[in-house]
Amino acid sequence: MRPVSVWQWSPWGLLLCLLCSSCLGSPSPSTDPEKRAGSQGLRFRLAGFPRKPYEGRVEIQRAGEWGTICDDDFTLQAAHVLCRELGFTEATGWTHSAKYGPGTGRIWLDNLSCSGTEQSVTECASRGWGNSDCTHDEDAGVICKDQRLPGFSDSNVIEVEHHLQVEEVRIRPAVGWGRRPLPVTEGLVEVRLPDGWSQVCDKGWSAHNSHVVCGMLGFPSEKRVNAAFYRLLAQRQQHSFGLHGVACMGTEAHLSLCSLEFYRANDTARCPGGGPAVVSCVPGPLYAASSGQKKQQQSKPQGEARVRLKGGAHPGEGRVEVLKASTWGTVCDRKWDLHAASVVCRELGFGSAREALSGARMGQGMGAIHLSEVRCSGQELSLWKCPHKNITAEDCSHSQDAGVRCNLPYTGAETRIRLSGGRSQHEGRVEVQIGGPGPLRWGLICGDDWGTLEAMVACRQLGLGYANHGLQETWYWDSGNITEVVMSGVRCTGTELSLDQCAHHGTHTTCKRTGTRFTAGVICSETASDLLLHSALVQETAYIEDRPLHMLYCAAEENCLASSARSANWPYGHRRLLRFSSQIHNLGRADFRPKAGRHSWVWHECHGHYHSMDIFTHYDILTPNGTKVAEGHKASFCLEDTECQEDVSKRYECANFGEQGITVGCWDLYRHDIDCQWIDITDVKPGNYILQVVINPNFEVAESDFTNNAMKCNCKYDGHRIWVHNCHIGDAFSEEANRRFERYPGQTSNQII
């Protein structure tokens, strides 16, 4: 039965009203959904630039005043409710930190909490109307599904902005359209308006305008053009102008943010005495070779970069890391905005920023946090030129690491590769397009030596993110119509933008296993794990143990001792072991799972556990010139969540043949006193060495970043004791600091130098 409201005029309600003096005031609202409190008189609209009609900053009109919503505690459920208020069926996403620009006026709602089923935003919990501690830099936005509610009328609730906006920009070559190599770097500026593509009048056009356009198209800078040539060409062509009076400051991330004017429909004389605006852009180093400007880029002196991106699924995106005092660290997201993000993007050879990311959206870093409250104007040549605050460990955490997504040039690389036969667009047999002087044709890739690194490049070229798996057999994805193998011997480093940049056999293909059954395939994913070793713990826990042979039968069975142990006088004597703890964190955006399924895990009776990976880590002792003198043969005992961050729950446990893996935000701890958690150094002579630990050495499992899988330490062994120091992740130091590390001079008078 439906519960009766005490405020309806029932006998109980009348009695309660007589007894309660508060009833004598203004009447309380009815629970009738058609008369929700506050819903009458509220209006909703989408605002901001750049955006499409179904996305934008959410603005609410209450008591005749328009205001915004703070992004604190905002969720997709709240976005669902707001999109329905706006007349759309549901939300597909939401944005924070004023992605569509800061609003003005009141901030009506803060800490908005909805379940997603509410009929109106007035039914959601919040701090109350107009009660907020936010600024407009925290305005929330929504991305709605482009599908209207049946019978919804725009005029009732949503206020549509009727003025035009620039939705897209492109460069059209003045000559040879369609035959120019990609990316196109010079030509006429065209903007897409609701009624199609139009050109821009060049009256008052400045270098600042060109800078903004080039940034939108993925280029870090612009250069002068041959104006006389284009003036002459303009006299022979018909033009369709839709935009004029463009005046940018040069720091805008999008042309819509500049001052500009649109021609009215009844304007007959457009751009009198002028011509179409023309730009010439300078591509970054990654794209210079394909546009014929490689020599120009190489002629510039280039030192070591002081800014880099880590953990991104696509080129030009990732967590921002900066180099300070020869050590790489992250940037705190406080006051992080599009201006600062654009400075980073241009510094790295991309265009302006498409999105400034906060809240460790590209995964958490590990180690130092170097910068906070970075405030850029957008004109700086480097992030280090922007005003900023130095930071201490108490100021910020890695859960606040800043990231970026940059605008990239269009190269057309994704049109030269495709997947076939898969169950979804993210998987399938890889087909590539080749062709020389003759017609282009599609073909397959030989599966020999195809692995995770090659699959990573294929998924990146397809725009599908990371590779979960690189498959050498794809008989279950037989598409039938493509049977020719056109590429073999593919070997990639994993950083290439397309497969044709990888080493391969060229026009002559050679396959050990013939037939379409043994061709390359991939399963792609937008997220991946990222394993890092806690290097400080290795340094703190390293020590030497002389362990009797009669206690090492189990370890010998699992091949955890040096080869010379086979000829030892068992069970007499001992082995000298360098022991240490290893704590392996997953700081990526997907759980780390073993490549092999449970059906192929190997039971080890001696230690009473399953091995889920044949090789999980390599433990080595190297001379300063890189020669290996001892190694630890360590397989994965098991992969499980030993400990996790406060807000993360454990998911994987090895006991009772449980699921194995490492959850995002958790770590797997192998204590120093566990069997095989050592390196057998019985045969190592006294001297200066490097201790190296490599996680996932054979790239069996996909990660967002393989460069941080190695950890190195300096160590000094005098035949009795060992000193381990200067432990660090392989890419945590500058190139110069790493070179100094390799030239470790040793130790004198008990003082490490």
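The structure presented is a predicted model; accordingly, all values stated were derived computationally and were not measured.

J.: What's the story with empty space enclosed by the protein in this structure? I'm lost.
T.: Using a probe with the size of a water molecule, rolled over the atoms, empty space left in the structure can be pinpointed. All chains considered together, the criterion is met by 2 cavities of 30 Å³ or more. The volume enclosed by the largest cavity comes to roughly 60 Å³. Around the largest cavity sit 13 residues that line it, and G311, M362, G363, G588 and S704 are the ones nearest its centre. Taken together, the residues of the lining of the largest cavity break down into 4 nonpolar, 6 polar and 3 charged. Taken as a whole, the second largest cavity holds about 30 Å³ of empty space. If you trace the second largest cavity, you find it lined by I621, I681, V684, Y689, C715, Y717 and I722. By residue class, the composition of the lining of the second largest cavity is 7 nonpolar, no polar and no charged.

J.: Any chance you could explain the nonpolar core here in plain terms?
T.: Note that soluble globular proteins tend to have their nonpolar side chains buried in a common cluster. With 35 residues, the main nonpolar core has F580, F616, I621 and L691 as its most contacted residues. For this core, the secondary-structure elements that each account for two or more residues are β27 (531–533), β33 (617–622), β38 (687–695), β39 (710–717) and β40 (722–729). Those residues in contact with L691 that sit more than four places away from it in its chain are V538, L578, F580, D620, I621, I679, M711, K712, C713, C715 and V724. Formed by 28 residues, the second largest nonpolar core is a distinct cluster that contains I417, C459, V486 and V522.

J.: Hey, could you run me through the pairing of strand β18 (residues 369–372) in this one?
T.: The side chains of a regular strand alternate between the sheet's two faces. Examined bridge by bridge, strand β16 (residues 327–331) and β18 share 2 bridges and lie parallel to one another. Within the sheet, the bridge partner assigned to T330 lies in β18 and is I369. Pairing of β18 with strand β19 (residues 389–390), which is carried by 2 bridges, proceeds in the antiparallel orientation. When the bridges of β19 are listed, S372 appears paired with K389.

J.: Could you clarify how one ought to interpret the sheet that holds β27 in this entry?
T.: Picture the strands of a sheet paired through backbone hydrogen bonds; they go either parallel or antiparallel. Taken in spatial order, the 4 strands of this open sheet run β27-β30-β36-β35, and their pairing is antiparallel. Two strands close off the open sheet at either side, each with one partner strand: β27 and β35 (643–644). Of the pairings in the sheet, the one linking strand β30 (residues 582–586) to strand β36 (residues 666–670) comprises 4 bridges and is antiparallel in character. Of the residues in β36, the one forming a bridge with S582 is Y670.

J.: Before we go on, may I ask you to explain the confidence of the model for the protein chain in this structure?
T.: In regions of low pLDDT, the predicted coordinates are not meant to be interpreted in detail. Taken as a whole, the protein chain shows an average pLDDT of 83; of its residues, 87% reach a score of 70 or greater. Highest mean pLDDT in the protein chain belongs to helix α4 (residues 207–216) (95); lowest belongs to helix α1 (residues 11–19) (36). A low-confidence stretch, residues 1–39 (pLDDT under 50), is modelled with 21 contacts involving residues beyond four sequence positions or located in other chains. Note on residues 746–753: pLDDT is under 50 here. Beyond four places in sequence and across chains, it has 13 contacts.

Rules used throughout
Residues numbered from 1 in each chain as written. Predicted model: local features only at pLDDT ≥ 70, side-chain atom pairs only at ≥ 80, totals over all residues. Heavy atoms only, no water. 1 Å grid on protein atoms, 1.4 Å probe; cavity = no way out; pocket = protein on both sides within 12 Å on 5 of 7 lines; lining within 4 Å. Points joined across faces, edges and corners; volume = space filled by probe spheres on them. Nonpolar A, V, L, I, M, F, W, Y, C, P; charged D, E, K, R; others polar. Core = buried A, V, L, I, M, F, W, Y, C linked by side-chain atoms within 4.5 Å. Buried < 20%, exposed > 50% of the residue type's maximum accessible area, 1.4 Å probe, protein only. Helix = DSSP H or I, 4+ residues; strand = E, 2+ residues; numbered from the N terminus. Contact = heavy atoms within 4.5 Å. Pairing = 2+ DSSP bridges. pLDDT = per-residue confidence, 0-100.

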